[in-house]
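Spelled out, the chains give:
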Amino acid sequence: MSSEIEPVTDFVRLMDKWKVDHQNEGYDLLSFLTRCSEILESALVDFHLRNPDPLDQRHPKLVIPECRLGKVLTLLENCKEFNDTMTSTYLKTKDSPKNVGRVVIASAKLSLLTGKGYRITGLDTEECVNVLISWIIDANEPLRTYATGLINGHCVVKKFGKDKSIELITTLLRRLWHYLEPDTYKEAERIVFDENRNKSNPRKRKQSSNFISQIDCKFVVRDVDTTGKSCVNNLYNSSCLEQMPWMLDCYTFHSLKCFGESEEFLSTFNECNALSLICRYLKTESEDRVVYMVLEFLSTLIRHANAAINFIDSDGIQKLIDIQKPSMCSAAVALCLYNLAGHKEAMEKIFHSQACILRELVKFGLWLLDCSHDSGKSYIAQFFSVAFSCQNVLSLFDDMNGLRYLVNMISRTNYIIRAADDEYDPREDPDMPHTTTHIIKPACVALSMYFEAHVVFKVGQLVKFCPSLKRKYPSIEFVTIYEFATHTRDLHYEYFEILRVLSDECENFSLESWMPIALFQRLDGVPLLLKIITDTGELAVTIPAQVKVCQAALDVLCAVTLSRSCQMTLTKTYPNLGVHVIGIHLILNYIEGHIHFTEVTCTDGVCLNSAIAVIANCTGGTCPKSWHDNESFKAHDPLRNNKMKRDVETLCKLIRQADGMKTLIFFLWVTKPVQTADETRYFACKALLGLVEYHQPVRQILAKLNALTSQLLPVIQEPVLKDKKELNVKFYKNLTLLLERIVKVKVLTLEDDLKTALRTDVVPETRARYDNEDVLLMIYIYLVSLGFDDNTRRLAQGSEIFSDDDNNLFATSNSVRKYETGKGFVTENSKFSESNYSAHQVTLNSITDEHLIKNQHSKRGNTVVAVPPFPLFTHHHCPKPRNKIEASVNIQKRHCHQQGVYPKWGGIGGMGHYLRMIYSRFRNAGVIRPTNDRGSHFTAVAFDHNADCGLILGDSAGNLHFHKASKFEDRFKMGVFESTITYIEPSYAGDVMLLLSSNCWWHHNCALFAMDDTLDKKLTFEGIDFVEFSKSVQDKIVASRVAQAIIYDVNTGTAINTYGKDADDYFYSEDKLGCYYERNRATFSYDDRLVLSNGCLWDVRKSQTLPVHRYDQFSDTISGVFHPNGLEVIINTEVWDMRNYELIRTIPTLDQFQLVFNRSRNVMYAMKIDTEERPGLMSAISTFDASNYKQLGSISAEQEVGALALDDCDRNIATIEKSSDWSMSVCRMYEVGMVLEDDE
């Protein structure tokens, strides 16, 4: 440990001494710079001994956190004064490039050594770049080499433009050619150095005696022996003479790399034969670092299509394959192959290479996947992603077991290895984002392209050799083994569907035994994908780059779940954040997370589509035809089909258990992002169709939901994106099938619906235009038929519709009768004739009859023959049929009938009429205002069962106010809490009272008080969100804590039983016991035998770990209440039958309403709750008939209603009316069934 810390400590000492003495005249600056360079050289040796990734451009402290190089560079970064002095003073000189001082050379060397992860600031200024260029051209060694390494090509282009850059490129390339061919490319000014450089080549030349005097540097040399083990040359034993030649090569190619990225210099490189130079260096036995730099320069050149093709034509692939494998150069080969993959023509040339070369190339690539550095693995995986489009490459990849290498590339990463620990949290792993983005993402993309290529080739093969399939799918083309198969993302989902259908239609092909998916399953690839999806999905909230990693993994999962065996692996449990979760629940949790996204990007939408497509694969979507009675599928094994049905039913149950139905229904109406919304709707509909097909309860529930009946037209009329019309047609077909399965009624065909949609768009935009003379003529005829001769004469005289002859013709009613009998009329000057008018029998009466009879009467329910006169200016309604003993709407008739032979309440429905009359009338009985002690305000209210209509009020200061309602006087006040009281419930006997309080941090305090002359605290409940008494016998208390329901004994205060999961493992649980309601309020049934908590029904008579039933969740807020009739449960808008757990009906008017039943249990009060989606409470309370859920009336409050209380006699109600910010509130009482006074 001391050996590692000593150089760092020495560097700190040197920098501290420099800060104090560097401005003194006697300060030895040269020794300081030399010692700093030695420390950096030693740190570089240590860094390279650890075999770092050569293509990893991150700071050394991130690559190898414990290395000395990262610590030294960090110290250097923090010394800003030294950095500024370096560029402003030490690197500046007025001397000519050939006479530069030793301090400048030492400064240039130190600046060069800091290039790994850090660069001295100020080197990119125009002045510094100009100096560096002059050194490159005219300086002696080693300054010329240092300047070559320090130059920044991008900065040269920016500061000097194209001409200066071309001059520099030409100089560097001619210098390299001169080192290789000194006779052809002469540079007299560098003859001494060139002779020494050639000494290291096979053609050894005579050394120059004065070269050593020119060199005053040391450099780290990393080499790899033939066994693959890294080693570092001894700096002090190796001569600088031997190091300097290849140093210049390295830095020259490094500088040229910056220029190679720009296309405007491509012609310059061609003129200087840069590709030939690269090939010469690849042939010679150069140092590994030189070859590495040559390959990096090559990778920038072949980004251009012409250079890539020229390189391949010059047998470049063979040269890349011949590179020594166990070396740092192999990673650069992967980079070159990755850049070649960006050009379609270049890849086609590679595909048409000799079979031996193509085989060696695939073999070399697989070695890179297995043994290269992380960057090399990443680049070669991306190369294979493109190369899989060639069937020949794909076959070679499979022959060499390449899929195992790809899976191992993921499973051997440090992130996956550490994830095997149950306590591992990816959010706390700093290396996890880099690992997933640079290693796992390319591997997943390659896996996705691997399966997509297999699907495309397999579909083409099946269609080619089956004439019936070829006629059925004419758009599918067979791809030869050397062709480049390309298809868009929109098509690969379609290929997946076709392959799934073909697996059912072709007896000799089965997805279960198909090699790619079967091998991937044997390699345990699905658990790897689930782990990646879960972790990257959580990190994507804070790190947007993780979205693409998740997208790649979901694409692979979407492909492999075409197989039923892979789908069943999703029914197993997998560890996640310390708990075990079912695999398909992890996918649904990821999908549900997108519901709460405020902004969904296009990439998020693509991930969402892949995730929903996985669910659609599991549900079966449109059921395979082989599962039904069809002649073309009689050869299939019925036992196999029955097993497949059972598997799908299992998957559907798990999806429903995780509220997948609610999630999928939500995405049927999604419209953002517009680029992917159509695919989202299509896959959601397809998944729902599978659920309905194979799970009867889902079909029954969806038949009662308004979401799939009343709001479909705006969705199916047109796609979200105009370019997705074909996909919208598919969505419409699936939606039609879905509705037919639900309502069991034939839906209109697509053509009929499109015509209807066209008429719906055209008719409202059409303006009716007609001749006014036609209207006047019809009015004239109608008035004549009624005998208004004077009026008709004046009408004829005031208009120009008749000539004199016409007026004589229509002067009598006989003429009108003649017209009406169809004989017509013709005059010489008449504008109307029998042919164009009377033949159609168009009169004012006929138009009116068509409007009233056809357009109104025929379209109303309960049509009858004998009807009252039709109103012309209002809509017509036929009277509803009434039972003979139905109660009259008139209260007097009901009362009279009640005394006679009619049943109670005056007949059928009489009770409802009485309730509507009583509970639609509320009279203001008074207001109680707070005393404003310490600015407190009322927050809760309840009726005191001991006092006659006495009120108990809670305020924001934790005080209880006891009022006598008749006088609205404050009897007394008592402080019980230090925080706001939010709920009050006295027992019916009036001996105890429950109080709930919460502070601004949502820390709840709950206590049970004994009520006497004073309040005596009996019990305290910690960490409780809500409490209430049992209903039949109030000897128990049910408390809600997140998703749990805890039952306490009132007398002893002990917890009798606990139902549900606690907060720690609720969100990720293996059995997914409950839903998630933001305001879960556990409640007893009216016979105290059942408890409803968090959407689950529990039997309190026995201890159990699983609920009696779990209701499907369609709301995130209201957890539900029991109906007093003991047969129904109301959860938000859904009414469920407790006997068979079916959905009875939905009541949209109850959305986001908290329900309270009166003491008679025949009326329920509904109070709107405040939610994040709908801020601000409603200033009204609605009343509903508890028997049929018809609305009876409403109370319009002056302010928002925050709390509601009902008395025991159903005569009074009390409300807390408040401002939106709770700064002011009052308690207002209303009398039920009382008519407002005239002055109210």
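Sequence order as written defines residue numbering, which begins from 1 separately in each chain. Where totals are concerned, whole chains, interfaces and linings use all residues; where local detail is concerned, this predicted model gives features only for residues with pLDDT of at least 70, and gives and counts side-chain atom pairs only at 80 or more. As a rule here, side-chain values come from all non-hydrogen atoms in the structure, and water together with hydrogens is ignored.

1. Details of the packing of helix α20 (residues 355-371) against helix α21 (residues 374-387)
Link 1 in the chain: Here α20 crosses α21 at 140°, and the two axes come no closer than 8 Å. Taken as axis vectors, α20 and α21 run oblique relative to one another. The element α20 and its partner α21 pack so that their crossing is left-handed. Seen from α20, the contacting residues are L361, V362, G365, L366, L368, L369 and D370; seen from α21, they are K377, I380, A381, F383 and F384.
Link 2 in the chain: Residues are grouped as follows: Ala, Val, Leu, Ile, Met, Phe, Trp, Tyr, Cys and Pro are nonpolar; Asp, Glu, Lys and Arg are charged; all remaining types, including Gly, are polar. Of the residues belonging to the contact of α20 with α21, the class tally is 9 nonpolar, 1 polar and 2 charged. Only the contacting stretch of a helix is used when fitting its axis, a line to C-alpha atoms as for every element, and angles between N-to-C directions run 0 to 180 degrees. By definition, any uninterrupted DSSP run of H or I lasting at least four residues is a helix, any uninterrupted run of E lasting at least two residues is a strand, and each is numbered from the N terminus. Orientation is classified from the angle alone, with under 35 degrees giving roughly parallel, over 145 giving roughly antiparallel, 65 to 115 giving roughly perpendicular, and any other angle giving oblique. Take the far helix as the reference: if the near one is turned anticlockwise from it by less than a right angle, the crossing is left-handed, and if turned clockwise, right-handed. Any two residues having at least one pair of non-hydrogen atoms within 4.5 Å are treated as being in contact.

2. Brief notes about a positive patch on the surface
Link 1 in the chain: A cluster of like positive charges, contributed by K880, R916, R1145 and K1190, occupies part of the molecular surface.
Link 2 in the chain: With respect to the helices and strands, K1190 occurs in the loop between β28 (1180-1185) and β29 (1191-1196). Any residue with relative accessible area above 30% and no salt bridge may belong to a patch, with like charges joined within 9 Å and the nonpolar Val, Leu, Ile, Met, Phe, Trp and Tyr side chains within 5 Å. Note that accessible areas follow from Shrake-Rupley with a 1.4 Å probe, and for residues the cover is restricted to the protein chains shown. Salt bridges are counted wherever a side-chain nitrogen of Lys or Arg sits within 4 Å of a carboxyl oxygen of Asp or Glu. Think of it this way: Lys and Arg go in the positive column, Asp and Glu in the negative one, and His and the chain ends go nowhere. Note on charges: their place is set at NZ of Lys, CZ of Arg, CG of Asp or CD of Glu.

3. Details of the sheet that holds strand β13 (residues 1015-1022)
Note: strands within a sheet are paired through backbone hydrogen bonds, in either parallel or antiparallel orientation.
Link 1 in the chain: Pairing between strands requires that DSSP locate at least two bridges from one strand to the other. On the basis of which strands lie adjacent, the open sheet formed by 4 strands has the order β10-β11-β12-β13 and antiparallel pairing. Of all strands in the sheet, those bounded by a partner on one side alone are β10 (980-986) and β13. Sheet twist, expressed as the mean angle between neighbouring strand axes with direction ignored, is 25°.
Link 2 in the chain: Summarising the sheet, strand β11 (residues 992-998) and strand β12 (residues 1004-1011) pair through 7 bridges and their orientation is antiparallel. Note that in β12 the partner of V992 across the bridge is A1010.

4. A word on the sheet that holds strand β25 (residues 1143-1146)
Link 1 in the chain: A sheet is described by the order of its strands in space; here 4 strands give the open sequence β22-β23-β24-β25, paired in antiparallel fashion. Looking at which strands have only one partner, the edges of the open sheet turn out to be β22 (1121-1122) and β25.
Link 2 in the chain: Bridging between β22 and strand β23 (residues 1128-1131) involves 2 bridges; their strand directions are antiparallel. Bridging across to β23, F1122 finds its partner in V1129.
Link 3 in the chain: Across the sheet, helix α37 (residues 696-704) lies against β24 (1134-1137) and β25, angled at about 25° from β25, the strand it touches most.

5. Examining the environment of I595
Link 1 in the chain: With respect to the helices and strands, I595 occurs in the loop between α32 (583-593) and α33 (602-619).
Link 2 in the chain: For the exposure calls, accessible area comes from a 1.4 Å probe over protein chains only, and a residue counts as buried if that area is under 20% of its type's maximum, exposed if over 50%, partly exposed in between. You can call I595 partly exposed: its relative accessible area is 22%.
Link 3 in the chain: C-alpha separation for the pair I595 and F666, spaced 71 residues apart in sequence, amounts to 8.1 Å.
Link 4 in the chain: Every residue in contact with I595, bar those within four places of it in the chain, is listed here: T663, F666 and F667.

6. What to know about the nonpolar core
Link 1 in the chain: Residues F32, F82, F269, L295, F384 and F520 are the most contacted members of the largest nonpolar core, which totals 263 residues.
Link 2 in the chain: In terms of residue count, helix α25 (residues 432-464) provides more of this core than any other element does, 16 residues in total.
Link 3 in the chain: In this structure F82 touches M15, W18, F32, L33, L76, Y90 and L110, once residues within four positions along its chain are discounted.
Link 4 in the chain: Take the buried residues of types Ala, Val, Leu, Ile, Met, Phe, Trp, Tyr and Cys, join any two whose side-chain atoms come within 4.5 Å, and each joined set is a nonpolar core. Counting residues in hydrophobic clusters, the runner-up holds 17 residues, among them C1006, V1027, I1037 and Y1048.

7. A look at the packing of helix α15 (residues 288-301) against helix α18 (residues 329-340)
Link 1 in the chain: At their nearest, the axes of α15 and α18 sit 9 Å apart, and the two run at 10° to each other. Classified by the angle their axes make, α15 and α18 are roughly parallel. Contact residues: D288, V291, Y292, L295, L298, S299 and T300 in α15; C329, A332, V333, L335, C336 and N339 in α18.

8. Examining α33
Link 1 in the chain: Given the number of residues in a helix, its expected span is that number minus one, multiplied by 1.5 Å. Taking 1.5 Å per residue, 18 residues should reach 26 Å; α33 reaches 26 Å between its end C-alpha atoms and fits that length.
Link 2 in the chain: The buried fraction of α33 is high, at 16 of 18 residues.
Link 3 in the chain: With its phi angle positive at about 95°, G620 sits one or two positions after the end of α33.

9. Here's the deal with a nonpolar patch on the surface
Link 1 in the chain: On the surface, Y782, L786 and F788 cluster together into a nonpolar patch covering about 270 Å² of accessible area.
Link 2 in the chain: By secondary structure assignment, the location of Y782 is in helix α41 (residues 772-785).

10. A short note on the packing of aromatic side chains
What describes a pair of aromatic rings is the distance from one ring centre to the other and the angle between the planes of the rings.
Link 1 in the chain: Centres within 6.5 Å are what make two rings of Phe, Tyr or Trp a pair, Trp counting through its six-membered ring; a difference in plane orientation under 30 degrees is then read as stacked, over 60 as edge-to-face, and the rest as tilted. Applying the stated criterion across every chain yields a total of 29 aromatic pairs.
Link 2 in the chain: Aromatic ring contacts, followed pair by pair, group F383, F384, F388, F397, Y450, F451 and F520 into a single cluster.
Link 3 in the chain: Either the NZ atom of lysine or the CZ atom of arginine qualifies as a charge over a ring when it sits within 6 Å of the ring centre and within 35 degrees of the ring normal. If you follow R1159 out to its NZ or CZ, it ends over the ring of Y988, 4.4 Å from the centre.

11. Here we look at the pattern of salt bridges
Close approach of charged atoms allows side chains with opposite charge to pair.
Link 1 in the chain: For the structure shown, the criterion picks out 29 salt bridges.
Link 2 in the chain: Among the ionic pairs, D659 bridges to R1110, the shortest N-O distance being 2.8 Å. Here D659, found in the loop between α34 (638-657) and α35 (660-666), pairs with R1110, found in strand β21 (residues 1109-1110); they are 451 residues apart in sequence, far enough to count as distant.
Link 3 in the chain: By relative accessible area, R1110 is classed as buried at 13%.
Link 4 in the chain: The residue E1217 makes a salt bridge to R1228 at a minimum N-O spacing of 3.0 Å. Pair noted here: E1217 is in strand β31 (residues 1212-1218) and R1228 is in strand β32 (residues 1225-1232), with a separation of 11 residues, a long-range link.
Link 5 in the chain: Owing to a relative accessible area of 6%, R1228 belongs among the buried residues under this scheme.
Link 6 in the chain: Through salt bridges with shared partners, a single ionic network connects D10, R13, R35 and E38.

12. A few points about the side chain of D659
Link 1 in the chain: On the basis of relative accessibility, which here comes to 5%, the residue D659 falls in the buried class.
Link 2 in the chain: Counting of polar contacts relies on pairs of N or O atoms within 3.5 Å, with two restrictions inside protein: one atom must be capable of donating a hydrogen and the other of accepting it, and residues adjacent in sequence are counted only when both atoms are side-chain atoms. A distance of 2.8 Å separates the side chain of D659 from the side chain of R1110, its partner in a polar contact.
Link 3 in the chain: Non-local contacts of D659, meaning those with residues more than four positions away in its chain, are made with C1075, R1110, D1112 and Q1113.

13. Brief notes about the pairing of β31
Link 1 in the chain: With 7 of 7 residues buried, β31 lies mostly within the body of the structure.
Link 2 in the chain: Alternating residues of β31 divide into N1212, A1214, I1216 and K1218 and I1213, T1215 and E1217, and every residue in both groups is buried.
Link 3 in the chain: Counted between consecutive antiparallel strands, the loop separating strand β30 (residues 1200-1206) from β31 contains 5 residues, among which D1210 sits at a positive phi close to 60°.
Link 4 in the chain: Here 7 bridges tie β31 to β32, and the two strands are oriented antiparallel to one another. Bridge pairing in β32 links A1214 to M1229.
Link 5 in the chain: Hairpin connection, β31 to β32: the antiparallel pair is bridged by 6 residues, and W1222 has positive phi, about 60°.

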